[in-house]
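Here is what each chain is made of, one letter per residue.
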There are 2 protein chains.
Amino acid sequence: MSVDPRLKKIYPEFAKLEIDGLLVSSEANISYLSGMRSRDAYLIISKNKTIYITDSRYTEEARKILKNCTVRQIESSVFKTIAAVCKELKFNRFGFEERQLPYAEYDLIRQETGYILELIPTHGLVEGLRIIKNADEIDKIKRATAIAVNAFKFIKEYLRVGIKEAEIAAELERFIRYNGAYSSSFDIIVASGPNSCYPHHATGARKLREGDPVLIDLGVDYQGYKSDLTRTFFLGKINVSCKRIYNIVLEAQNRAIKAIKPGVEIRQIDAAARQFIAKKGYDRAFSHSTGHGIGIEVHEAPQISGRDSTKLKPGMVFTVEPAVYLTGKFGIRIEDMCLVTEKGAVILSGTLNK
Amino acid sequence: MSVDPRLKKIYPEFAKLEIDGLLVSSEANISYLSGMRSRDAYLIISKNKTIYITDSRYTEEARKILKNCTVRQIESSVFKTIAAVCKELKFNRFGFEERQLPYAEYDLIRQETGYILELIPTHGLVEGLRIIKNADEIDKIKRATAIAVNAFKFIKEYLRVGIKEAEIAAELERFIRYNGAYSSSFDIIVASGPNSCYPHHATGARKLREGDPVLIDLGVDYQGYKSDLTRTFFLGKINVSCKRIYNIVLEAQNRAIKAIKPGVEIRQIDAAARQFIAKKGYDRAFSHSTGHGIGIEVHEAPQISGRDSTKLKPGMVFTVEPAVYLTGKFGIRIEDMCLVTEKGAVILSGTLNK
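This is a predicted model, so every value here is computed, not measured.

So, how was this worked out
Residues numbered from 1 in each chain as written. Chains lettered and ligands numbered in written order. Predicted model: local features only at pLDDT ≥ 70, side-chain atom pairs only at ≥ 80, totals over all residues. Heavy atoms only, no water. Domains from an automatic or database assignment. Contact = heavy atoms within 4.5 Å. Buried area = accessible area lost by both parts, 1.4 Å probe. Salt bridge = Lys/Arg side-chain N within 4 Å of Asp/Glu carboxyl O. Polar contact = N/O pair within 3.5 Å; in protein donor to acceptor, adjacent residues only side chain to side chain. Nonpolar A, V, L, I, M, F, W, Y, C, P; charged D, E, K, R; others polar. Least-squares fit on C-alpha atoms with pLDDT ≥ 70 in both. Axes fitted to C-alpha atoms, helices over the stretch in contact; angles between N-to-C directions. Helix = DSSP H or I, 4+ residues; strand = E, 2+ residues; numbered from the N terminus. Parallel < 35°, antiparallel > 145°, perpendicular 65-115°, else oblique. Left-handed = near helix turned anticlockwise from the far one by under 90°. pLDDT = per-residue confidence, 0-100. 1 Å grid on protein atoms, 1.4 Å probe; cavity = no way out; pocket = protein on both sides within 12 Å on 5 of 7 lines; lining within 4 Å. Points joined across faces, edges and corners; volume = space filled by probe spheres on them. Phe/Tyr/Trp six-rings, centres within 6.5 Å; stacked < 30°, edge-to-face > 60°. Buried < 20%, exposed > 50% of the residue type's maximum accessible area, 1.4 Å probe, protein only. Lys NZ or Arg CZ within 6 Å of the ring centre and 35° of its normal. Pairing = 2+ DSSP bridges.

Caption draft 1: Up close: the domain arrangement of chain A. All names here are of chain A. Once the domains are mapped, chain A shows domain 1 (5–130) and domain 2 (135–347). For domain 1 versus domain 2, the distance between C-alpha centres works out to 35 Å. Opposite the six residues of domain 1 that make contact, domain 2 presents nine residues. For the domain 1 and domain 2 pair, buried surface summed over both sides reaches about 580 Å², with 46% attributable to carbon and sulfur atoms. By the criterion of area lost to domain 2, the three top residues of domain 1 are Y32, R37 and R130, representing 75% of everything that side buries. Across the salt bridge formed by E300 and R130, the nearest N and O atoms sit 2.6 Å from each other. Applying the counting criterion to the domain 1 and domain 2 interface returns three residue pairs in polar contact (both at pLDDT 80 or more). When the residues that make up the side of domain 1 that touches domain 2 are grouped by side-chain class, the tally is two nonpolar, one polar and three charged.

Here you go:
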């Protein structure tokens, strides 16, 4: 288990919060720290020991893969097992991830630890590590992006009048797996014609028609790391109003990407896209934030919103995806993935336009 | 919105718990009650009013689809919106789903409602309705099952030496979408050779070899309802020990299915499979419960475990999936879906063996 070097950065937070241990219940955080795709698992971190708790379906595999931590099989209940570990390690104040622990589990741990152990809500401890990607992570994200880029190039040639949205998703799902992806990283969105005006349309049985905009939002999972790209294609001749909106969205995206460099506040990236769209009169039609961090999760920190004054740092990876949705008519979204470097943004999905 | 008739069954629970309203935060429960595939939404139920709370990405679509409830767009924060609704409806005691509300959200709602509103933990209120499927739900589950059955028939002919596990998953993902599925209902498991000894193997790049067992676990989502089936195939000649274990698992499954009828305790179904496997000396190699309820979620109530003394009722739908996993060697699992009727089990996936 390769947790040690990264965990060192968490211990100062332990000191600040005066906690002896932390219960990690977020699957993404457990996967990040253990290096093993984890389901139905909990991780307990302390300065001396890391304990991976899971049930009988996974213990065999976990023991094989995880090196520097103890794998503990759940006995009668996971909460009794957690309580037993807390007792063995003589914890007094035990941190938990308040955003990823259901109220009922919090309450059961309280009961099982006899209400003596102080449970301390925490958030963002592991996420704080995840926000800056290391070389290995960037490599995996690049691979995930490359597979999605190739899938877009493949599907662009495939689009034609009469095929269904669901069939396009079917071909994409097949393509990405033949090209090394584990799976898509979220339900592939294929939104054709008026369906494109819904940002999260559920891909359906609608058949493509001449002149349709076809919005495709696709991401893949490569060794646990995700990509997320959107393109809006047109079937046949683009009508004038689609073309006009397309160019507005594209220019908004260009402006946001150009604004990316270390030290810039995140809200400035959002503003660069949003102000241009507003100037053209479509600010009410751009109903979501400009982007989101991406890594082990499709949506993770930082969110590229107008409210975040965090400064960009090298190693951050996020999407830039301005859009304009015209209710009942059509929607255009263009989404790329950017890596912040000392010199500015590297567009990881840049080869898609070549 | 077709919530009214089903919600009537919840109101007696409101009375018992002395709550005026319930915050539904489980996506599956919201989808069930609203009839709309829901993400990033909350539902507030009271005797007079049902309110669907979501953000700007979904409000347009929600207003179009949902008839008998108010759609409310999140303003500055979802918790402020929830607090505002509680105030408007003059709630005194407000129930929440303790297993599906993170501690942090519970705490924010407490803060936003000024610590005056009593927050009452509840569980299983909506799940209690979901356990018995109505005719429409059974129809959708049957359709989801039929698509999976056809996918198994298709893939059986496709298996051959040299193809990768991931390629088999690719073909299945494509097939189900061409045949009406929205998506797979969980990561398709293709576990070949020794990989089959891990109950939840992550499908990978291993190529099939002569003599391999090939365990395939596949489910699909059809209009929000799920299926979940497993078959273990063999490439070429089955070796004697595989064949022996296969027959033990098959007989265990037969015994469990035969035991299904209204009034029987759930643990008796588990026992019917487990005791036969134990008699053959493999009880330690059958490391999970015999099955699980299925509907809007792949895993929902009832769990078919040795600890549940609930009595079976007509309209319940669950999997029966005994297995034997021999560490380092191979695993065999056979999983079908059963509907409880007055006359006993109907095997929804029964046509797979014809």
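Caption draft 2: A look at the relation of the copies chain B and chain A. You can overlay chain B on chain A at an RMSD of 0.0 Å; the transform is a turn of 180 degrees with a shift of 0.0 Å along its axis. Each copy turns onto its partner about a two-fold axis.

Caption draft 3: Structural detail: the packing of helix α8 (residues 135–158) of chain A against helix α9 (residues 165–178) of chain A. Residue and element names in this part refer to chain A. The contact between α8 and α9 brings their axes to 10 Å, and the two run at 140 degrees. One finds that α8 runs oblique with respect to α9. Note on packing geometry: the crossing formed by α8 with α9 is right-handed. Contacts between α8 and α9 involve I147, N150, A151, F154, I155 and Y158 from the first element and I168, E171, L172, F175 and I176 from the second. Tallied by class, residues from the contact of α8 with α9 come to nine nonpolar, one polar and one charged.

Caption draft 4: Representation of the confidence of the model for chain A in the model. Averaged over every residue, the pLDDT of chain A is 94; the share at 70 or more is 99%. Reported for the predicted complex are a pTM of 0.92 and an ipTM of 0.90.

Caption draft 5: Spatial organisation of empty space enclosed by the protein. Residues and elements named next belong to chain A. Going through the model one piece at a time under the given rule, you end up with one cavity of 30 Å³ or more. Taken together, E127, R130, I131, E300 and A301 make up the full set of residues lining the largest cavity. If you list the elements that add at least two residues to the lining of the largest cavity, you get α7 (125–130) and β14 (300–304). Its residues placed into classes, the lining of the largest cavity shows two nonpolar, no polar and three charged.

Caption draft 6: Structural detail: the interface of chain B and chain A. The interface of chain B with chain A comprises 39 residues on the first partner and 39 residues on the second. Together, the buried faces of chain B and chain A total about 3700 Å²; carbon and sulfur atoms form 56% of this surface. Connecting chain B to chain A are four salt bridges. Put simply, B:R177 and A:E173 hold a salt bridge, and the shortest N to O gap is 3.0 Å. Viewed at the interface, chain A and chain B are joined by 24 residue pairs in polar contact (both at pLDDT 80 or more). Mapped by element, the contributors of at least two residues to the side of chain B that touches chain A are α4 (59–65), α6 (103–112) and α9 (165–178) of chain B. Tallying contributions element by element places α9(B) first for the side of chain B that touches chain A, with nine residues. Class assignment for the residues of the side of chain B that touches chain A results in 17 nonpolar, eight polar and 14 charged.

Caption draft 7: The arrangement of unusual backbone geometry in detail. Residues and elements named next belong to chain A. With an omega dihedral of -5 degrees, the bond running from A301 to P302 counts as a cis peptide bond. Within the secondary structure, P302 sits in strand β14. The residue D40 is not glycine, and still its phi comes out positive at about 50 degrees. Along the chain, D40 turns up in the loop between α3 (27–34) and β2 (41–46).

Caption draft 8: Representation of the packing of aromatic side chains within the structure. Under the defined criterion, the tally for this structure stands at 20 aromatic pairs over all chains. Ring geometry for A:Y106 and B:Y103: centres 4.4 Å apart, planes at 45 degrees, overall tilted. One end of the pair, A:Y106, is in helix α6 (residues 103–112); the other, B:Y103, is in helix α6, on a second chain. Per residue, the accessibility class of A:Y106 equals that of B:Y103, and both read buried. The ring of A:Y32 carries A:R6 above its face, with NZ or CZ at 4.1 Å from the centroid.

Caption draft 9: Layout of the sheet that holds strand β9 (residues 213–218) of chain A. Residue and element names in this part refer to chain A. Read across the open sheet, the three strands follow the order β8-β9-β12; overall the sheet is antiparallel. This sheet does not close on itself; its edge strands, each paired only once, are β8 (189–192) and β12 (229–234). Across the sheet, the axes of successive neighbouring strands diverge by a mean angle of 15 degrees, strand direction being ignored. Here β9 runs beside β12; their pairing, made up of six bridges, is antiparallel. Within the sheet, the bridge partner assigned to P213 lies in β12 and is F234.

Caption draft 10: Inspection of the side chain of B:R130 at higher detail. All names here are of chain B. With respect to the element layout, R130 can be found in helix α7 (residues 125–130). In this structure R130 comes out as buried when scored by relative accessible area, which is 3%. Within the local environment of R130, its side chain forms a polar contact with the side chain of N29, the two groups lying 2.5 Å apart. Excluding anything up to four places from it in sequence, R130 contacts A28, N29, Y32, I296, E297 and E300.

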